[in-house]
Every structure is written in C-alpha cells, then in structure tokens.
Amino acid sequence: MHRFQTSVRTFDPVRRIGRVERIFATHIEANGPNLPLGAICQIETLPGGEPFHAEVVKVDRDAITLSPFETGVPTFSGALVIAEATAHLTPVGNAFLGRAVDALGRPIDGHGAIASDAFAPLHGQAPSPLARQSPDTVLEVGIRAIDGILTLGVGQRIGIFAPSGAGKTTLLTQIAQQAASDIIILCLVGERGREVEAIWHHALTDADRARSVLVVATSDQSASMRVRAGHYALALAEHWRAKGRHVLLVLDSVTRLAMAMRELGLAAGEPPTVRAYTPGVFAAIPRIVERCGALRAGGAISAVMTVLSEGEDIDDPVCELMKSILDGHILLSRTLAEQGHFPAIDMPRSISRQADALADSSMRGHARQMQNWLSQYEASR
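Residues numbered from 1 in each chain as written. Predicted model: local features only at pLDDT ≥ 70, side-chain atom pairs only at ≥ 80, totals over all residues. Heavy atoms only, no water.

Caption draft 1: Inspection of the overall build of the protein at higher detail. Per the secondary structure count, the protein includes 12 helices and 20 strands. In terms of overall dimensions, the protein has a C-alpha envelope of 70 × 45 × 40 Å along the principal axes. A burial count over the protein gives 51% of its 381 residues as buried. If you take every contact in the protein between residues at least 6 apart in sequence, the share linking residues at least 24 apart comes to 70%. On the protein, roughly 17,700 Å² of surface is accessible, and the fraction owed to carbon and sulfur atoms is 53%. Between the averaged position of the 36 positive side-chain charges in the protein and that of its 40 negative side-chain charges there is a distance of 3 Å. (Helix = DSSP H or I, 4+ residues; strand = E, 2+ residues; numbered from the N terminus. Buried < 20%, exposed > 50% of the residue type's maximum accessible area, 1.4 Å probe, protein only. Contact = heavy atoms within 4.5 Å. Areas by Shrake-Rupley, 256 points an atom, 1.4 Å probe, with all protein chains shown as cover. Lys, Arg positive; Asp, Glu negative; His and termini not counted. Charge placed at Lys NZ, Arg CZ, Asp CG, Glu CD.)

Rendered as structure tokens:
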C-alpha cells in the first residue's frame, strides 16, 4: 500500500484517554482508557520529559493495569494516559535484515533509523492444523551428532535443554551459522548485554549478519519488553514465511520468557501455581510454539528454542511443558561439558520425533545401533 493509504487505515479519530491513579514499582494503575489486553498506551512524564510506553496487562470495570516498557521513568498521579491506535501492528520487512533491534523494533546497533515497508500483527494466529506441512526435507546443521542421529527437518520445532555451563550458547551459535535457511532471526530474551555483543559481532560472520535479524531484550529491561521480544521475533518470522521463505528462529530462552510472563501475571493479580508460575504462562507458551512450522502453501519457520534446567534432572514445569509440545528435545549434560566434550549432548536421553520419517532405512539402522551402544555404555558405567 501507498503510505497515504496506510496512514488513513491506521488513523484513529477518537482520542481515548485516562489518568494515572496509583504507581507501583513494576506496574501502574489508571482509570482508563478502556482497552483490551495487550494494547499500548503513552503515559505522561514530568514536565520536559518524553512520554513513555506501557502495555495493558489487566482490565477491570473501572481501571486498567499497565506494565511500562521503560524502567525508572518519572511519572505522577494524574498523568495523562493516551491509547495508541496502531499498537497491534509492528514494523517488519527486508529493511530489518542485518540489523539489531529491541522489542519495539527500534535499532540498537547505531546504524540509524529503519525505514520499514510493511506492518504485521504482533500477536499472529497459529495456522490451521490442516494447513501445515509435516517436515519432509532434512535440515542439516553441520553437527554430526544431530545430523546423524537426531536428524532435524525444515519446519521442525526443537528444544535444547541445558543447565548453566553446558555450552548451550556455543551450540546455538553454531547451528545459526551452519543451518541451511534463507533468513535467521536471533531472539535473546533476558540475556546478558556482553553475550549479546559477543554473538552479534564475533560469533556471526558478515554474510550471516546480512541475512539475520537480532531481537534483544536484556535482563535489566522490563518484563513487558522481554515478553514482547518473543512475540516480535515471531511476527518477523511469520512475515517472511508468508512470502515462501525458510526462516530459522533461534529463541534463547523460553525459560526467561516464561519468567517475564510470570512477572506480568503476578502484577495483573493472577494466582501463582507450581513454582509460582501463573496460569497464563502455560496458556501462552504453546501458542508461541504452534505459530512456528512449515505450511503447505510454502514457507517454513524452523524453531530452535533453549530451555534452562537447574540440573541434570529435567523436572521444571517449563521443561516438562516444552518437552510435551515440541517435535524433539536435545539434552545437554554438564558432566560431559566438564570433561571437555562438545557438543555435550546426552544422546540416550535426546530425541528427534521427525528423525525416522526423514532418514532412509540404512541411516535409521545405524542411528539405532549407535543409540543402543551408548545406552549399554551408560548402564555398564
């Protein structure tokens, strides 16, 4: 569409406003405007300051609860709250290739503004089950343990479960470099700033960065920014999948994303359940996973998602949820990592649910024999 058409279609002639009533450390309560969950508002600051953005996380009959994207922004009781008309749309398109952005699509690489040529819904809908395409093409990642035994397919959703210090980030970076895909989207949620810089500038080559987008919400940013980063990365991936491209989505990590969702849920008054996770967490994560995959009409999103575990035993509720909804899981062992083994994949406990359908009979036989040998070795040891 011409930019004039876009302006007309996104113009809201009604100015919906409210006023701040109460301010907390993590959220703000206002008497309006009346908006749905996930809507974005601008909140007035002290005189001379720029308004800041916040997301609606709870709606009552006479009030709404907002979670600010920025932290430490000075506002006051009675400050003006203004609804944004185009908050449900987010900028996407080829202009983002080779760029590093935050959860709002703002560049953080110091290379100037991004002139977006398209917009897409932030919270897209998962495709119909019958519109999907089961993986029928091998996705080679250049790691023999995965390609030979845990064979992956284009459009598969795989999880890497790892405790700290097991080489998760190194393995992720290697997969991003070597996997055959048209576009790479790296989404780092709750990551350290030093790790972000190391991955973008040192782990990826110039050619890799030219076909990549880095979406970042570091650990010091608000829970709203961390949650939005995951949805924004998916919106970018869905835009290119709709154009028939194969997108590799690397999400690190689902655990930190769930923690941010828990923080928003508790601020909104949801009751805590197991490990203090709120019910909304267990409803939102499956929707994120189901938005990935391959389509019969063309295009695919192959997802590699990391899940943090506290130890060798995977008994965390987020770990159990992810194992049940993904197309396979790769478990990393701290014991193997401490022995200098890379990648530290615990082969007997890892599985790819698409491996048998993708590999030929000879390859399946060799993979089963290898798994048998490794299992016997572990039992004997």
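Moving on, there is more to tell.
Caption draft 2: The packing of aromatic side chains, seen in detail. What the rule picks out here adds up to two aromatic pairs. Centroid distance Phe96 to Tyr232: 6.3 Å. Interplanar angle 80 degrees. Geometry classified as edge-to-face. Here Phe96 is found in the loop between strand E7 (89–92) and strand E8 (99–102), whereas its partner Tyr232 is found in helix H6 (residues 223–242), with 136 residues between them in sequence. Among the residues examined, Tyr232 registers a relative accessible area of 0% and is labelled buried. Their ring planes at 75 degrees and their centres at 6.1 Å tell us that Tyr277 and Phe282 sit as a pair that is edge-to-face. The ring of Tyr277 has Arg262 lying over it, and the distance from NZ or CZ to the ring centre is 4.5 Å. (Phe/Tyr/Trp six-rings, centres within 6.5 Å; stacked < 30°, edge-to-face > 60°. Lys NZ or Arg CZ within 6 Å of the ring centre and 35° of its normal.)

Caption draft 3: Region of interest: the side chain of Thr45. With respect to the secondary-structure elements, Thr45 resides in the loop between strand E3 (40–43) and strand E4 (52–59). A distance of 3.3 Å separates the side chain of Thr45 from the backbone oxygen of Glu50, its partner in a polar contact. Discounting chain neighbours no more than four positions away, the residues touching Thr45 are Glu50, Pro51, Phe52, Val73, Pro74, Thr75 and Phe76. (Polar contact = N/O pair within 3.5 Å; in protein donor to acceptor, adjacent residues only side chain to side chain.)

Caption draft 4: Helix H9 (residues 317–325), seen in detail. Buried within H9 are the following residues: Pro317, Val318, Cys319, Leu321, Met322 and Ile325. Tucked inside the fold, the buried residues of H9 contact strand E13 (157–162), helix H7 (254–267), helix H8 (279–290) and strand E18 (300–308). For H9, the N-terminal cap is Asp316; the gap from its side-chain oxygen to the backbone nitrogen of Val318 is 2.8 Å.

Caption draft 5: Just the sheet that holds strand E2 (residues 28–30), in detail. In space, the six strands of this closed barrel follow the order E1-E2-E5-E4-E3-E6, with antiparallel pairing throughout. For this sheet, the mean angle separating the axes of adjacent strands, direction not counted, is 45 degrees. Bridging between strand E1 (residues 17–23) and E2 involves three bridges; their strand directions are antiparallel. In the strand pairing of E2, Ile23 is matched with Ile28. (Pairing = 2+ DSSP bridges. Axes fitted to C-alpha atoms, helices over the stretch in contact; angles between N-to-C directions.)

Caption draft 6: Examining the pairing of strand E19 (residues 328–331) more closely. Alternating residues of E19 divide into Gly328 and Ile330 and His329 and Leu331, and every residue in both groups is buried. Where E13 and E19 come together, three bridges link them in parallel fashion. By the bridge assignment for E19, Ile160 is matched with Ile330.

Caption draft 7: Highlighting the pattern of salt bridges. Overall, the coordinates contain 20 salt bridges when judged by the stated rule. Residue Asp208 is joined to Arg211 by a salt bridge in which the shortest nitrogen-to-oxygen separation is 3.8 Å. Each member of the pair, Asp208 as well as Arg211, is classed as buried. Residue Arg275 is joined to Asp316 by a salt bridge in which the shortest nitrogen-to-oxygen separation is 3.1 Å. Of the two residues, Arg275 is situated in the loop between H7 and H8 and Asp316 in the loop between E18 and H9; the sequence distance between them amounts to 41 residues. Relative accessible area serves as the criterion here: at 36%, Arg275 is assigned to the partly exposed category. By sharing partners, the salt bridges in this structure join Arg132, Arg157, Glu290 and Asp327 into a single network. (Salt bridge = Lys/Arg side-chain N within 4 Å of Asp/Glu carboxyl O.)

Caption draft 8: Main features of the nonpolar core. Ile185, Leu236, Ile285, Met305 and Met322 are the most contacted members of the largest nonpolar core, which has 58 residues in total. Here this core gets 10 residues from one element, more than from any other, and that element is H6. Once residues lying within four places of it in the same chain are set aside, the contact partners of Ile185 are Val213, Ala233, Leu236, Ala237, Trp240, Val247, Leu248, Leu249 and Val250. (Core = buried A, V, L, I, M, F, W, Y, C linked by side-chain atoms within 4.5 Å.)

Caption draft 9: How the structure looks around the environment of Val281. Position of Val281 among the secondary structure elements: in helix H8. The sequence separation of Val281 and Leu257 amounts to 24 residues, and the corresponding C-alpha distance is 9.2 Å. Once residues within four sequence positions are removed from consideration, Val281 is found in contact with Ala258, Met261, Arg262 and Pro286.

Caption draft 10: Geometry of the state of the cysteines. As enumerated under the stated definition, the model contains zero disulfides in all. A disulfide-free cysteine, Cys292 has its sulfur positioned 11 Å from the sulfur of Cys187, the nearest such atom. Classification of Cys292 by relative accessible area gives buried; the value is 0%. (Disulfide = S-S within 2.5 Å.)

Caption draft 11: Highlighting the packing of H7 against H8. Put simply, H7 and H8 touch, their axes get as near as 10 Å, and they point 140 degrees apart. Taken together, the axes of H7 and H8 are oblique relative to one another. Relative to H8, H7 is oriented so that their crossing is right-handed. When H7 is examined against H8, the residues Val254, Leu257, Ala258, Met261 and Arg262 are found in contact with a partner set consisting of Val281, Ala284, Ile285 and Ile288. Here the contact of H7 with H8 is composed, by residue class, of eight nonpolar, no polar and one charged. (Parallel < 35°, antiparallel > 145°, perpendicular 65-115°, else oblique. Left-handed = near helix turned anticlockwise from the far one by under 90°. Nonpolar A, V, L, I, M, F, W, Y, C, P; charged D, E, K, R; others polar.)

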